[in-house]
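# Observations on the model geometry
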Amino acid sequence: MIQEPTLSASEAAAELGVSLATLYAYVSRGMIRSIAEPGRRQRRYAAADIRRLARKSEPETAPPPLYWGQPVLESAITLVAGGRLYYRGRDAVRLAESATLESVAGLLWSVAADDPFAASAAPLPPAAAQIAAEAGGLPPLERAMAVLPALSVEDDRALARSAAGLQRTGARLLRWLTAVMLRRPASAAPAHEGLAEAWGAPAGADLLRRALVLCADHELTASTFAARIAASTGASPHAAVAAGLAALNGPLHGGLSARTGAFLELVLSAADARRMVVERLQRGEDLPGFGHPLYPDGDPRGQHLLDRIVATVPDAPELAVAETLVETVFDLTGERPTMDFALVLATRLTGLPPEAPLAVFALGRSVGWMAHVMEQYAAARLIRPRARYIGPQP
C-alpha cells in the first residue's frame, strides 16, 4: 500500500505561512487531516490537504509568496496596512515628528530596562579600525561591509545573546557603522547630529533625523530577509547586518537611490520637464522614485519628508522644478513619490554629499535589521524555504 505523503507540524505551518496554533485550528475544523504514522511519536499532516488549503487561500492572480505575495513568516516588528507604516503598532510618520533613531531602536528592540545607548561610545577595535582606514577611498556601504567581518571577530561582547546583550550589541554596531561611513571616531551623539556635523549641513539635521526614523524598518524587504536568513543559521549579529548591507547594495534595492538621483538630475537640467517625462514614458522607460507596490495611494514616508523639505528650504531654486515633476508624474501615471525620491531631493537641496541618501538609508535600516535579528534568534529556527520545481521530471 502506498503511504500518503505527510508533513510535520513545523513543515505544514511553514507551507501555509501560519503559526502552529493556526495549523492546529485548521485541524480541529477538519480542514487538514492529522495522521498517526507507525514508528513516529509526533502526528503528521496530510500534504494534499495542506497544499489544497494553500492554493485556496490565494486568489488565482496572486503573485508567488516571495514576489510581493502572501506573507512567508510571522513578525511582531513592523506593519504596513491601510497605506500607513507602523513600528510595533505606532505610526512611523508620527514618530518621525520628534523621535530620534536611537529612541526608535529602543522601540523596535523592545528595550524595557537600561538604555543601550547610555554608555559612552567605544572606539573601533584595532583590526576593524585599520581596515576602515585602508578602505577610506571606498563608498560608505562598501567600507562598512569591509569592516563588519573584523568586528564579528573582535567584538566578543556580541556573544551575549540575551535580550539586553543583543541590545547593547545593536547600539555598538550603529555607532561603529556611523563612524565608518563618516570616516570619523565613534561618538555617543545621536546619529542625525553626527551626520549633519560631518557633512557640514546643520540646517539639515532635522531632515536627517526624520529620514533615519522613517528608514528604520519596512517589514520584510530583500535586505531584511537576507539578515534574517543569516541570523537563522546562528551567525553573529555583525554577519547578519553584513548580509543586509550586501543585499541593500543591489541596483533594485538601495541602488535605486542612484537611479533616482540620475533621473532627478535629468529633470532639473531639462528645458521642459513634462516633455522629458512624456518622452521617457513613450520609450517604455521607468520613472525611478515614483510608485510603491505597498502604497497604491502614495508612500507616507516620502510625503512626510517632502513636506518638511518645503518647510525647510522653501526658496530653493530647484524646488519648484521638483514640485512640477511630482505633479506631472501624478497627472500622467497616478504614481506618487517614494522615500527614495524624497531622500535624493533632500540631499540635493540641503547640500549633502551624493552618498548621503544610501548612507542614511543603510544606517536607519541597520536598526531594523537588528530588530529582525533579535526576533529570529528568539525563534531559534532555520529559515529554509522550499522551491516549486518546474524543471524536467525524473
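Before reading further, recall that the structure is shown in the block above.
For every chain, the first residue of the written sequence is number 1, and numbering continues from 1 onward in sequence order. Where totals are concerned, whole chains, interfaces and linings use all residues; where local detail is concerned, this predicted model gives features only for residues with pLDDT of at least 70, and gives and counts side-chain atom pairs only at 80 or more. The basis for every side-chain value is the complete set of non-hydrogen atoms in the structure, without hydrogens or water.

### Comments concerning the nonpolar core
Rule in force here: Buried Ala, Val, Leu, Ile, Met, Phe, Trp, Tyr and Cys residues that are joined via side-chain atoms within 4.5 Å together make up what is termed a nonpolar core. Categorising residues by exposure relies on relative accessible area from a 1.4 Å probe, with only protein chains included: less than 20% of the type maximum marks a residue as buried, more than 50% marks it as exposed, and the intermediate range marks it as partly exposed. What counts as a helix is a DSSP run of H or I of at least four residues, what counts as a strand is a run of E of at least two, and both are numbered from the N terminus. Note on definitions: a residue-residue contact is assigned when non-hydrogen atoms from the two residues lie within 4.5 Å.
Counting residues in hydrophobic clusters, the biggest one holds 98 residues, and the most contacted among them are L108, W109, W199, I309, L325 and L345. The biggest single contributor to this core is helix α18 (residues 356-379), with 14 residues. When residues no more than four places from it in sequence are discounted, the contact partners of L325 are F263, L264, V267, V277, F290 and F341. Listed in part, the 13 residues of the second largest apolar core include L7, L16, L53 and A54.

### Here's the deal with the environment of R161
Here R161 is to be found in the loop between α7 (140-154) and α8 (163-182). The class of R161 is partly exposed, set by a relative accessible area of 36%. For the pair R161 and L358, spaced 197 residues apart in sequence, the C-alpha to C-alpha distance is 29 Å.

### Quick word on a nonpolar patch on the surface
Spelled out, the test is: In this scheme, patches are assembled from residues that exceed 30% relative accessible area and form no salt bridge. Like charges are connected within 9 Å, while nonpolar side chains (Val, Leu, Ile, Met, Phe, Trp, Tyr) are connected within 5 Å. Accessibility throughout is a Shrake-Rupley quantity obtained with a 1.4 Å probe, and a residue counts as covered only by protein chains that appear here. Salt bridges are counted wherever a side-chain nitrogen of Lys or Arg sits within 4 Å of a carboxyl oxygen of Asp or Glu.
A surface patch of nonpolar side chains, amounting to about 320 Å² of accessible area, comprises L66, Y67 and V72. Structurally, the position occupied by L66 is in the loop between α3 (47-56) and β4 (78-81). Since its relative accessible area comes to 55%, L66 is described here as exposed.

### Brief notes about the side chain of Q376
By the element assignment, Q376 lies in helix α18. On the basis of relative accessibility, which here comes to 5%, the residue Q376 falls in the buried class. Setting aside chain neighbours within four positions, we find Q376 in contact with R228, A231, S232, R381 and I383.

### Some thoughts on empty space enclosed by the protein
Under the convention used in this document: Using protein atoms alone on a 1 Å grid, points that fit a 1.4 Å probe yet trap it form a cavity, whereas open point sets bounded by protein on both sides within 12 Å along at least five of seven lines form a pocket; residues with an atom within 4 Å of a point count as lining. Grid points are joined across faces, edges and corners, and a volume is the space filled by probe spheres set on the points.
The final tally for this structure, using the stated rule, is three cavities of 30 Å³ or more. Approximately 50 Å³ is the volume found for the largest cavity. Around the largest cavity, the lining residues are L207, L208, A211, L343, A346, T347, L352, A356, P357 and V360. Every element with two or more residues in the lining of the largest cavity is listed here: α10 (205-215), α17 (339-349) and α18.

### A closer look at unusual backbone geometry
A positive phi angle, near 45°, is found at R88, a position not held by glycine. In this fold, R88 is placed in the loop between β5 (84-87) and β6 (90-91).

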